[in-house]
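Descriptive analysis of the structure
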Amino acid sequence: MAVPVAFFALFFAYPVAAIVGRGLKAEGDWQFGRIGEVLSRPDILDVLWFTTWQALASTALTLLIALPGAYVFARFDFPGKQVLRAVVTVPFVLPTVVVGTAFLALLGRGGLLDELWGVRLDTTVWAILLAHVFFNYAVVVRTVGGLWSQLDPRQEEAARVLGAGRLAAFRRVTLPALAPAVAAAALMVFLFTFTSFGVVQILGGPAYSTLEVEIYRQTAQLLDLPTAAVLTLVQFAAVGAILAVHAATVRRRERALKLVDPAQTSRRPRGAGQWALLGGVLLTALLLILLPLGVLVERSFDGPGGYGIGYYEALQSVGAGGSSTFLVPPLEAVGNSLRYALVATLIALVIGGLAAAALTRRAGRLVRGFDALLMLPLGVSAVTVGFGFLITLDKPPLDLRTSWILVPLAQALVGVPFVVRTMLPVLRAVDDRLREAAAVLGASPLRAWREVDLPLVRRAVLVAAGFAFAVSLGEFGATVFIARPDNPTLPVAVARLLGRSGELNYGQAMALSTILMLVCAVSLLLLERIRTDRSGEF
């Protein structure tokens, strides 16, 4: 635990505490009375209520739509499965401002629904909920489906032989085994929607505001640091309480599972019901995932003189069309993002892997509490973390403001929770008797981990690496404050282009977004191929 604790204390707790301290201090004295004043304001109470209920509704809707997809990807073998798995993960890395714009084109004035049926959903909560499902569909499919594909189906078949119906066998055998993974997926979805920013700001309009949106407004627009600090503390406390309840729930449901090679559990659909389920999942992916992504691609080629690659060509030069948005060609953001994401992934795997290994041992309350603390970066405002980096990591021996490593460190903060949540259910499912047998035969703890745990969790490590890489590619909230002008990342470059008026800037933003989507799709497709090639090594 030493390395993960030091990492989070230095690069998360310290910056956040510094920002909150500046907001609650006046002339050197703490002003805790401001907390009650802020929380008693009717407008803040409305923000708290909307933040909570929309997150609950988004989580429930995502589970309802994505769990059938998790089953299909875990149990069915069909042509194009690897490509489709990579495609459904692409939305997870797209900048929220781009996704918000794409859904606005579908659901807003002059959008697809408006043209076909005269229906508009922008500035309604339904647009926000659908966009949240779009973002988080892959979280459920990969987190739940990864474990589901390794569960031995013969256990459920045995229950059927003993007289249990299909639904009863699933409820009594499979569902308890999947409960930790489902809880982990629901937790991640809730945290992302609880702290939603870009989607709510673009699709909800001024009528809807989450805590994250309100923190940004109070900080960047109203310069009211005390109110922003109070809201940050509220968000921090709420997320901490949720994680503590989740950790206690998961511990009560833990048990050793019999894990098998995923190749043994995947087969072609049989019967009309299974083919209908596969068709429903494919239709959902088409309407929910591919349609918004298709809008991005179409707009990237739709230039003033008709369809062409003019916007892509403009990415290769600085100040195209008289714009001074960048110090370097926007296309260089592609290489920057890949380099940053690779380093961030390595950091997240090391920190998250060590944390997951420590949590597996369940050695006391301190370790169990650390399980919840690891998720806090997902529930704390990225605005707070970004500003915190700037004001704390500016003095020796940690003067990192001009160092390239600052961006991967910020990205790794968000990637570590994914690594932990992906690896932990599988690590805890490994039977302790296997480790004990290795120890009896003379294996050291390190060798026992290498010979017993690693072969069983290798697939989870690859899934975790894919998640960390994808999250790093699309991280925007903190990176926008610390990325250097001469080394922008793809999301930062897209935001800069969208922030400037002009058709050329907007078209370049769509082109960069399309490149980001393709880079992610290719990366995830390669990951799927590696996982498939190594699946027989369990």
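Residues numbered from 1 in each chain as written. Predicted model: local features only at pLDDT ≥ 70, side-chain atom pairs only at ≥ 80, totals over all residues. Heavy atoms only, no water.

**Thoughts on the overall build of the chain**
Scanning the chain for helices and strands turns up 23 helices and 6 strands. Across the 538 residues in the chain, those meeting the buried criterion constitute 53%. For the chain, contacts bridging at least 24 residues in sequence account for 79% of all contacts bridging at least 6. When the accessible surface of the chain is totalled, it reaches about 22800 Å², and 64% of it is carbon and sulfur. (Helix = DSSP H or I, 4+ residues; strand = E, 2+ residues; numbered from the N terminus. Buried < 20%, exposed > 50% of the residue type's maximum accessible area, 1.4 Å probe, protein only. Contact = heavy atoms within 4.5 Å. Areas by Shrake-Rupley, 256 points an atom, 1.4 Å probe, with all protein chains shown as cover.)

**Remarks on a nonpolar patch on the surface**
The grouping of Leu112, Leu116, Trp117, Val119, Leu283, Leu286, Leu287, Leu290 and Leu291 at the surface amounts to a nonpolar patch, some 850 Å² of accessible area in total. Sorting the residues of the nonpolar patch by element identifies helix H6 (112-117) and helix H13 (271-301) as the ones contributing at least two each. Take the nonpolar patch: its biggest share by element is 5 residues, from H13. When its relative accessible area of 44% is taken as the criterion, Leu286 is described as partly exposed. (Patch = residues over 30% accessible without salt bridge, like charges linked within 9 Å, V, L, I, M, F, W, Y side chains within 5 Å. Salt bridge = Lys/Arg side-chain N within 4 Å of Asp/Glu carboxyl O.)

**A short note on the packing of helix H3 (residues 42-75) against H13**
Running from amino to carboxyl end, H3 crosses H13 at an angle of 120°, the nearest separation of the two axes being 10 Å. Comparing their axes, H13 and H3 come out oblique. The interaxial crossing formed by H3 with H13 has left-handed handedness. Counting all contacts with H3, which are made through Ile65, Pro68, Gly69, Tyr71 and Val72, the residues of H13 involved are Leu277, Leu278, Val281 and Thr284. (Axes fitted to C-alpha atoms, helices over the stretch in contact; angles between N-to-C directions. Parallel < 35°, antiparallel > 145°, perpendicular 65-115°, else oblique. Left-handed = near helix turned anticlockwise from the far one by under 90°.)

**Details of the packing of helix H5 (residues 96-107) against H13**
Viewed as axis vectors pointing N to C, H5 and H13 meet at an angle of 95°, and their least axial separation amounts to 9 Å. Taken together, the axis directions place H5 and H13 in an arrangement best described as roughly perpendicular. Contacts between H5 and H13 involve Val98, Thr101, Ala102, Phe103, Ala105 and Leu106 from the first element and Leu288, Leu291, Pro292, Val295, Leu296 and Arg299 from the second.

**Quick look at the nonpolar core**
One finds Phe7 and Phe389 to be the most contacted residues of the largest nonpolar core, which totals 149 residues. Each residue touching Phe389, except ones within four places of it in the same chain, is listed here: Phe11, Pro15, Leu406, Leu409, Ala410, Leu413 and Ile482. (Core = buried A, V, L, I, M, F, W, Y, C linked by side-chain atoms within 4.5 Å.)

**Quick notes on the pattern of salt bridges**
Close approach of charged atoms allows side chains of opposite charge to pair. Within the structure shown, the criterion is met by 1 salt bridge. A salt bridge links Arg41 to Asp43; the nearest nitrogen and oxygen atoms lie 3.1 Å apart.

**Looking at the packing of aromatic side chains**
Evaluation of the coordinates by the stated rule reveals 13 aromatic pairs. Arranged with centres 6.2 Å apart and planes meeting at 55°, the rings of Phe73 and Phe78 form a pair that is tilted. Since its relative accessible area comes to 9%, Phe78 is described here as buried. Taking the centre distance of 5.2 Å and the plane angle of 75° together, the rings of Phe103 and Phe134 count as edge-to-face. Here the residue Phe103 occupies a position in helix H5, and Phe134 occupies one in helix H7 (residues 125-148), the gap between them amounting to 31 residues. Judged on exposure class, the residue Phe103 and its partner Phe134 are both buried. (Phe/Tyr/Trp six-rings, centres within 6.5 Å; stacked < 30°, edge-to-face > 60°.)

**What to know about the environment of Gly386**
For Gly386, the position within the fold is in helix H17 (residues 382-392). When its relative accessible area of 0% is taken as the criterion, Gly386 is described as buried. When the C-alpha positions of Gly386 and Ile482 are compared, they lie 6.8 Å apart, and in sequence the two are 96 residues distant. Beyond its immediate chain neighbours, meaning those up to four positions away, Gly386 contacts Ala478, Phe481 and Ile482.

**Some words on H7**
Its 24 residues place the ends of H7 32 Å apart at the C-alpha level, agreeing with the 34 Å of an ideal helix rising 1.5 Å per residue. Most pronounced at Asn136, the bend in H7 amounts to some 45°. Counted residue by residue, H7 has 22 buried out of 24 residues, so it is predominantly covered. (Expected span 1.5 Å × (residues − 1). Bend = angle between axes of the 7 residues up to and from the residue.)

**So, the side chain of Thr193**
As for its placement among the helices and strands, Thr193 is situated in helix H9 (residues 166-194). At a separation of 2.9 Å, a polar atom in the side chain of Thr193 contacts the main-chain carbonyl oxygen of Val189. Polar contacts involving the side chain of Thr193 include one to the main-chain carbonyl oxygen of Phe190, which spans 3.1 Å. Setting aside its immediate chain neighbours within four residues, Thr193 contacts Gln54, Ala55, Ser58, Thr59, His132 and Asn136. (Polar contact = N/O pair within 3.5 Å; in protein donor to acceptor, adjacent residues only side chain to side chain.)

**Quick look at the environment of Asn136**
Mapped onto the fold, Asn136 is located in helix H7. The class of Asn136 is buried, set by a relative accessible area of 3%. In this structure, the C-alpha to C-alpha distance between Asn136 and Thr193, residues 57 residues apart in sequence, is 8.9 Å. One polar contact links the side chain of Asn136 to the main-chain carbonyl oxygen of His132, over a distance of 2.8 Å.

**What about the side chain of Thr143?**
Checked against the element boundaries, Thr143 lands in helix H7. Among the polar contacts made by the side chain of Thr143, one reaches the main-chain carbonyl oxygen of Val139 at a distance of 2.7 Å. Those residues in contact with Thr143 that sit more than four places away from it in its chain are Ala138, Ala181, Ala184, Ala185, Met188 and Phe467.

**What to know about the confidence of the model for the chain**
Mean pLDDT for the chain: 79, with 87% of residues reaching 70 or above. The least confident element of the chain, judged by mean pLDDT, is helix H16 (residues 365-373) at 66; the most confident is H3 at 90. (pLDDT = per-residue confidence, 0-100.)

**With respect to the environment of Ile65**
The topology assignment puts Ile65 in helix H3. Look at Ile65 and you get partly exposed, because its relative accessible area is 28%. Once the C-alpha coordinates of Ile65 and Val141 are considered, the two residues, 76 residues apart in sequence, prove to be 9.9 Å apart. Beyond its immediate chain neighbours, meaning those up to four positions away, Ile65 contacts Val133, Tyr137 and Thr284.

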